[in-house]
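Each chain, written out:
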Amino acid sequence: MKRFRRHGQESQRDRLKQELFQFNKTVEHGFPHQPSALGYSPSLQLLAIGTRSGAIKLYGAPGVEFMGLHDENAAVTQVHFLPCQVELVTLLDDNSLHMWTLRAHKGLSELLEIGRFTLTGPPGAPPSVTRVTAVLAHSSGELLLLGTEGGHVFVVEVPGFRELEERNISLDQVASSVPDDYIGRRNLEHVEALQENPVNPNQVVIGYGRGLMVIWDLERQCAVQHIPATQQLESVWWTEDGGYILSSHSDGSYCQWMVSGEDEDEEKSDIPYGHFPCKAISKIVQLPTEEGPPFLLFSGGMPRASYGDRHCITVIHSKTHVALDFTSRIIDFFTIRDGPQHTGDPSALVVLVEEELVVIDLQTEGWPVIQTPYLVPLHSSAITCSHHVSAIPLKLWERVIAAGELQNTHYSKKPWPITGGQNLAPDPPQRDLLLTGHEDGTVRFWDASGVCLYPMYKLSTAGVFHTDADPNDNMNQGTEGEWPPFRKVGCFDPYSDDPRLGVQKIHLCKYSGYLTIAGTAGQILVLELNDEAAEQTVEAKVVDLLQGQEGFRWKGHTRLDVREEPVLFPPGFQPFALVQCQPPAVVTALTLHSEWKLVAFGTSHGFGLYDYQQKNNVLIKCTLNPTDQLAMEGPLSRVKSIKKSLRQSFRRIRRSRVSLRKHHVHNAAKLQEANARLEAELAEMELAPVQRKIEARSSDDSFTGLVRTIYFADTFLSDSSHSTPSLWAGTNGGCVFAYMLRLPPVEHRAEEPVTAQPAKEIQLMHRAPVVGIVVLDGHGAPLPEPLEVAHDLARSPDMQGSHHLLVISEEQFKVFTLPKVSAKMKLKLTAVDGSRVRRVGVAWFGSNRSEDYGESGLVVLTNQGDVHVVSLPTVKMQVHYPCVRREDVSGIASCVFTKHGQGFYLISPSEFERFSLSTRCVVEPRCLVEVPLHPGSSNKHRPQPDGASSAHRNARQGSEDAEVLQEIQKSLEGDQTSFLENNVKSAVA
């Protein structure tokens, strides 16, 4: 009976776990790492970005996002949408072509790879014959033209990737028609560019690397005109009226050629930036306007000696000439045009550079930048820490937005121009903030409620201190009369004026609007939200954490110099108190209690408590071990010792290699013996119990005094009948300090001092670093946040039953009773699987079946990259999932958990991966992209290349009327046998 009951309880618990927990990686926020290709579909109004790691990402209207990943670990070099269709083609640097489609499934679109293809040349031909260098997606939507390194142009039918050998354009065909006096039969080199005639789809221009351009008639399969450029070719552009071709060249020049059917010299040639040697113009575009002269846009062309390091796109229209100077290397650009057929005046210039996406409004005077709702460069200054705050009150939210809008007056008022797809995701149930701290001393506020991580407000702490920055430095404007007429655009600026400004810890109280920020040089700022600008002086309160201990000399960086004169702070968060730790070491722990008006902080030397209402120090505790000299060196001075140890390691490796060569035979015998011994040990280990022995750490280990966590709690410390405010701190040496705090009555809070007296000290047996402290109330629930109960957003904690203290170390979770502090239960982690706790948080998991049911749990990320959920108060393992690659140390270190079972971690310097452990709280893209209805489109009745693709086409047309579907099916029936044969052949291949 007992066994039956236990089995029933277990199955009930399993069902409950399915209601509460589910792991999903939901969306990637930020800017793709190492972008390598750009594409755009005017009919779908979708943007595509390919990366060096083989990812392909599609973006439309805010919230419309898709991601695919090529199986091959190769860079995406080109992306091309098929005109007026939901397919796109990618070219990788391994020379493979891939077909992707947006297929509708259960009312939502998903990005799927439906085919791949690699050109094969004749037997014995060199690889250059089929190495693709240029791709043209023909306007018919049925053909791809592939120019190669060998100078050939292959014609391939899509979406089935069937090579049409009879329509290929060989180098010999072209060379035989070239006039002898042009190049004297020199090699034409690779195909650099392919462009279709906008008014005659049967004509394409083939541009060869050596400079020659040939207009080729696809129907008659012959050359119509030769354009005899002599400079190395970079790109070509066929004007919209079909009357001219523009070519850009490696010497910084561009030429305009008339399309007449006869071989002619250029009509116009220009080197825009002078006769000194210039860099290549890598891409050129000319677009007409309904009234007035055309827009001319080109990338590159800068004078090589003076400005060869600039990344520029020049825009010329009428008398306006601007060289847009970007922050990093230009990958590609395109323009968006007005009108239902996207043939009107240019409205926006979209530029993908290596570190950000920049969109320029071409219809507003001054061509301002349009703020991006996604693809924002999170790493415009390197991210140093993160802090997530859930369920922001509306009033605070609106005040932060208002402060942010005052910072964005330089942006265009035009709406975001990329509007493809429909965002079908439900409205977020709450307002969430993600705060990121940066190396330059800024804190950025992001709207993390939905799929788009939208920038709201930027706070800078640098104004409080003296730095090397020039206050008159204006990045946005070039000098008047300067040539070239540069204008800085983009916000990527990775250079910090002073590394000591770097933000290390952030804590925001969403109820009071108080914010505290701690930095690299021991500075802790307390700020409050103000809707008006204010001029004020911020005085520093110095905290000597060494407490006069002898024999220690700080060898690290100096503290930042605080401005003594009043500083004008703009509306938003404004600093009113500053604590300066001495020695000025990195702040490693920080928390704020806005109800008690206290801030607690810790470094590698100790911890302190500061009353920001009276601006007084309440408590200073030195935790430094007398034997720990490393804690006095600081992060910068340790570089020397690291270099020394590296040199010693390399010397040992060299010595071991020499000895290995000398004793190779002897070592081989030893190796066999060692292997045998290892096998015997492994056999023994299989029979050994699960737990492994963990050696206690020595108190002489470095950084044992480093404070890892700090925590406020109203709980029982002296006796079980009177609760008291308390402060808890955990160190790297496995020590927990508890202090009782005495707060004066509210009416005397401004005059009477806050006092702290030591109450408890716990030393963990294995001296493992303490990474988290949580006090559980009489019901076993974590204590609510300060002011949470006062705002009716949490129930009052149970102060009748006994409280418990949960201490989370790197190796185990241990529960103590309060106030006696006697061990009650524990859950071992390191002893079971060898992993160690790296990040920890408390989350609420709501059931996906019952609105009223939920559980609190401890969310843990280990050094193996696994996420665990531990039950509270029973500390039992509930679920665990692999989340981050164990080799990704920076990703694990950057992880931050939310209060509702989600998390964020950096998958690159510029991207957050968002994941969810909750069945109820999931934020993911839910969007639909429909087939564009285009009057010139022939895709309704065109023959399909194979059965799989035809079935896909039929499914894609499912939203159209039944008559069209029947016509397509009839047109396919006669070819069904050949379709099956082709599929079988390709499957065998």
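Keep in mind it's a predicted model, so treat the numbers as computed, not measured.

As for the overall build of the chain
In step 1: Across its full length, the chain carries twelve helices and 62 strands.
In step 2: Counting across all 989 residues of the chain, residues that qualify as buried make up 51%.
In step 3: For the chain, the exposed surface amounts to about 45800 Å²; the carbon and sulfur share of it is 50%.

Here we look at the sheet that holds strand β53 (residues 812–817)
In step 1: Across the sheet, which stays open at both edges, the four strands sit in the order β51-β52-β53-β54 with antiparallel pairing between neighbours. Pairing within the sheet leaves two strands with one partner each, and these edge strands are β51 (770–776) and β54 (823–828). Each strand axis lies, on average, 15° off the axis of its neighbour in the sheet, ignoring direction.
In step 2: Note that strand β52 (residues 804–809) and β53 share five bridges and pair antiparallel.

A closer look at empty space enclosed by the protein
Sizing a probe to match a water molecule and rolling it over the atoms shows the empty space that remains.
In step 1: Taken as a whole and assessed by the stated rule, the structure comprises three cavities of 30 Å³ or more.
In step 2: Along its surface, the largest cavity is lined by 13 residues, and Glu28, His29, Gly30, Glu65 and Leu375 are the ones closest to its centre.
In step 3: At the level of secondary structure, the elements contributing two or more residues to the lining of the largest cavity comprise β1 (21–30) and β4 (55–59).
In step 4: Considering every element that reaches the lining of the largest cavity, the biggest residue donor is β1, with three residues.
In step 5: In the lining of the largest cavity, the residues fall into seven nonpolar, two polar and four charged.

Section: the UniProt feature "repeat: WD" (unreviewed entry) in the chain
In step 1: The UniProt record marks residues 429–447 with the feature "repeat: WD" (unreviewed entry), using the residue numbering of this structure.
In step 2: Secondary structure within residues 429–447 divides into 0% helix and 63% strand; the distance between the first and last C-alpha atoms comes to 13 Å.

Things to note about the packing of aromatic side chains
In step 1: According to the stated counting rule, one finds 24 aromatic pairs in the structure shown.
In step 2: Each ring, one from Phe295 and one from Trp367, has its centre 6.0 Å from the other, and the planes form 45°; the classification is tilted. With Phe295 in strand β23 (residues 295–300) and Trp367 in the loop between β28 (356–361) and β29 (369–370), this pair connects stretches of sequence that are 72 residues apart.
In step 3: Where Phe904 meets Phe912, the ring centres are 6.1 Å apart and the plane angle is 80°; that geometry is what we call edge-to-face.
In step 4: Residue classification places Phe904 among the buried residues on the basis of a relative accessible area of 0%.
In step 5: In this structure an aromatic cluster arises from ring pairing among Phe23, Tyr881, Phe897, Tyr905 and Phe915.
In step 6: Just above the ring of Phe333 sits the side chain of Lys283; from NZ or CZ to the centre is 4.8 Å.
In step 7: The ring of Phe486 carries Arg310 above its face, with NZ or CZ at 4.1 Å from the centroid.

Considering the pairing of strand β5 (residues 65–69)
In step 1: When β4 meets β5, the two strands line up antiparallel, connected through five bridges. When the sheet's bridge partners are listed, Ile56 is paired in β5 with Gly68.
In step 2: Taking the residues that link successive antiparallel strands as the turn, the β4-β5 hairpin has five residues, and the phi of Gly63 there is positive, at about 100°.

So, helix α5 (residues 394–407)
In step 1: Helix length check: α5 (14 residues) gives 20 Å between terminal C-alpha atoms against 20 Å at 1.5 Å per residue, within 8%.
In step 2: Among the residues making up α5, those that are buried are Leu396, Trp397, Val400, Ala403 and Gly404. Take α5 and look down its axis: the buried residues cluster within an arc of 130°, on one side only. Those residues of α5 that are exposed and aimed more than 90 degrees away from the buried face are Lys395, Glu405 and Leu406.

Brief notes about unusual backbone geometry
In step 1: Here the bond from Val158 into Pro159 is cis, since omega is 10°, no more than 30 degrees from zero.
In step 2: Inspection of the secondary structure assignment puts Pro159 in the loop between β12 (153–157) and β13 (162–163).
In step 3: Cis rather than trans, the peptide bond between Leu818 and Pro819 has omega equal to 10°.
In step 4: Here Pro819 is to be found in the loop between β53 and β54.

Here we look at the pattern of salt bridges
In step 1: Tallied over the entire structure, the rule returns 26 salt bridges.
In step 2: Of the charged contacts, one joins Glu189 and Arg210 as a salt bridge, the two residues approaching to 3.4 Å between their closest N and O atoms. Linking Glu189 in the loop between α3 (180–183) and β14 (191–197) with Arg210 in the loop between β15 (200–208) and β16 (212–217), this pair joins segments that are 21 residues apart in sequence.
In step 3: Judged by its relative accessible area of 22%, Arg210 falls in the partly exposed class.
In step 4: Between Glu354 and Arg329 there is a salt bridge, and its shortest N-O distance comes to 3.0 Å. With Glu354 in the loop between β27 (346–353) and β28 and Arg329 in the loop between β25 (320–326) and β26 (330–337), this residue pair connects regions lying 25 residues apart in the sequence.
In step 5: On the basis of relative accessibility, which here comes to 18%, the residue Glu354 falls in the buried class.

Considering the environment of Phe81
In step 1: By the element assignment, Phe81 lies in strand β6 (residues 76–81).
In step 2: Distance from Phe81 to Ala48, taken between C-alpha atoms, is 8.7 Å for residues 33 residues apart in sequence.
In step 3: Ignoring anything within four residues of it in the chain, the contact list for Phe81 reads Gly39, Tyr40, Ser41, Leu44, Leu46, Ala48, Leu58, Glu87, Leu88 and Ala137.

Regarding the pairing of strand β22 (residues 281–287)
In step 1: Counting buried residues along β22, five of its seven residues qualify, which places the element largely inside the surrounding structure.
In step 2: Where β22 meets β23, six bridges bridge the pair, whose relative direction is antiparallel. Considered in β23, the bridge of Lys283 is made with Ser299.

Some words on the confidence of the model for the chain
In step 1: Per-residue confidence for the chain gives a mean pLDDT of 86, with 84% of residues at or over 70.
In step 2: Counting contacts from residues 678–691, a segment whose pLDDT is below 50, to residues more than four positions away or on other chains yields four contacts.
In step 3: Confidence drops under a pLDDT of 50 for residues 935–989, and excluding neighbours within four residues, the segment shows 62 contacts in the predicted structure.

Quick word on the side chain of Thr289
In step 1: One can find Thr289 in the loop between β22 and β23.
In step 2: What makes Thr289 buried here is its relative accessible area of 14%.
In step 3: At 3.2 Å, the side chain of Thr289 forms a polar contact with the backbone oxygen of Glu291.
In step 4: At a separation of 3.0 Å, a polar atom in the side chain of Thr289 contacts the main-chain carbonyl oxygen of Gly292.
In step 5: Excluding residues within four positions of it along the chain, Thr289 makes contact with Pro294, Phe295, His317, Asp345 and Pro346.

Describing the sheet that holds β6
In step 1: A sheet is described by the order of its strands in space; here four strands give the open sequence β6-β7-β8-β9, paired in antiparallel fashion. The open sheet has two edge strands with one neighbour each: β6 and β9 (108–118). Within the sheet, the average angular offset between the axes of one strand and its neighbour, ignoring direction, is 25°.
In step 2: As judged from the ten bridges shared by strand β8 (residues 96–105) and β9, these two strands associate in the antiparallel manner. Residue pairing in the sheet places Ser96 in a bridge with Thr118 of β9.

Description of the side chain of Asp217
In step 1: Tracing the chain through its elements places Asp217 in strand β16.
In step 2: We classify Asp217 as buried; its relative accessible area is 7%.
In step 3: Excluding anything up to four places from it in sequence, Asp217 contacts Asn202, Gln203, Cys222 and Val224.

Some details on the environment of Pro484
In step 1: Mapped onto the fold, Pro484 is located in the loop between β34 (454–460) and β35 (486–488).
In step 2: Separated by 181 residues in sequence, Pro484 and Pro303 place their C-alpha atoms 8.9 Å apart.
In step 3: Among all residues touching Pro484, those that are not within four sequence positions of it are Tyr273, Met302, Pro303, Tyr307 and Ala323.

As for the environment of Val205
In step 1: Here Val205 shows up in strand β15.
In step 2: For Val205, the contacting residues outside a window of four places in its chain are Ala193, Leu194, Gln195, Met213, Val214, Ile215, Val236, Trp238 and Ile245.

So, how was this worked out
- Position numbers for residues start from 1 in each chain and track the written sequence from start to end.
- Reporting of local features is limited, given that this is a predicted model, to residues whose pLDDT is at least 70; pairs of side-chain atoms are given and counted only at 80 or more, and all residues count toward the totals for whole chains, interfaces and linings.
- As a rule here, side-chain values come from all non-hydrogen atoms in the structure, and water together with hydrogens is ignored.
- The helix and strand labels rest on DSSP assignments: H or I over at least four residues marks a helix, E over at least two residues marks a strand, and numbering proceeds from the N terminus.
- In this scheme, a residue with accessible area under 20% of its type's maximum is buried, one over 50% is exposed, and one in between is partly exposed, where area comes from a 1.4 Å probe on protein chains only.
- Accessible areas in this description were obtained via Shrake-Rupley with a 1.4 Å probe; residue shielding takes into account the shown protein chains only.
- The pairing criterion for strands is at least two bridges between them, as found by DSSP.
- Lines fitted to the C-alpha atoms define the axes, with helices restricted to the stretch that makes contact. Angles between their N-to-C directions range from 0 to 180 degrees.
- Two kinds of site are reported from a 1 Å grid over the protein atoms alone, namely cavities, where a 1.4 Å probe fits but cannot get out, and pockets, open sets with protein on both sides within 12 Å along at least five of seven lines, and residues are called lining when an atom falls within 4 Å of a point.
- Grid points are joined across faces, edges and corners, and a volume is the space filled by probe spheres set on the points.
- The nonpolar class holds Ala, Val, Leu, Ile, Met, Phe, Trp, Tyr, Cys and Pro. Asp, Glu, Lys and Arg form the charged class, and all remaining residues, Gly among them, are polar.
- UniProt positions are given in the numbering used here, feature names are shortened, and annotations may be inferred rather than shown by experiment.
- Side-chain rings of Phe, Tyr and Trp (the six-membered ring for Trp) are treated as a pair once their centres are within 6.5 Å; stacked means planes under 30 degrees apart, edge-to-face means over 60, and tilted covers the remaining angles.
- Charge over a ring is defined by NZ of Lys or CZ of Arg lying within 6 Å of the ring centre and within 35 degrees of the ring normal.
- To estimate the expected span of a helix, subtract one from its residue number and multiply by 1.5 Å.
- When we speak of the arc, we mean the arc of directions from the helix axis to the C-beta atoms.
- Here a salt bridge means any side-chain nitrogen of Lys or Arg lying within 4 Å of a carboxyl oxygen belonging to Asp or Glu.
- By the convention used here, residues are in contact when the closest approach between their heavy atoms is within 4.5 Å.
- Confidence of the predictor at the level of single residues is captured by pLDDT, which takes values from 0 to 100.
- Under the rule applied, a polar contact is a pair of N or O atoms within 3.5 Å (in protein, one hydrogen donor and one hydrogen acceptor; residues adjacent in sequence only if both atoms are side-chain atoms).

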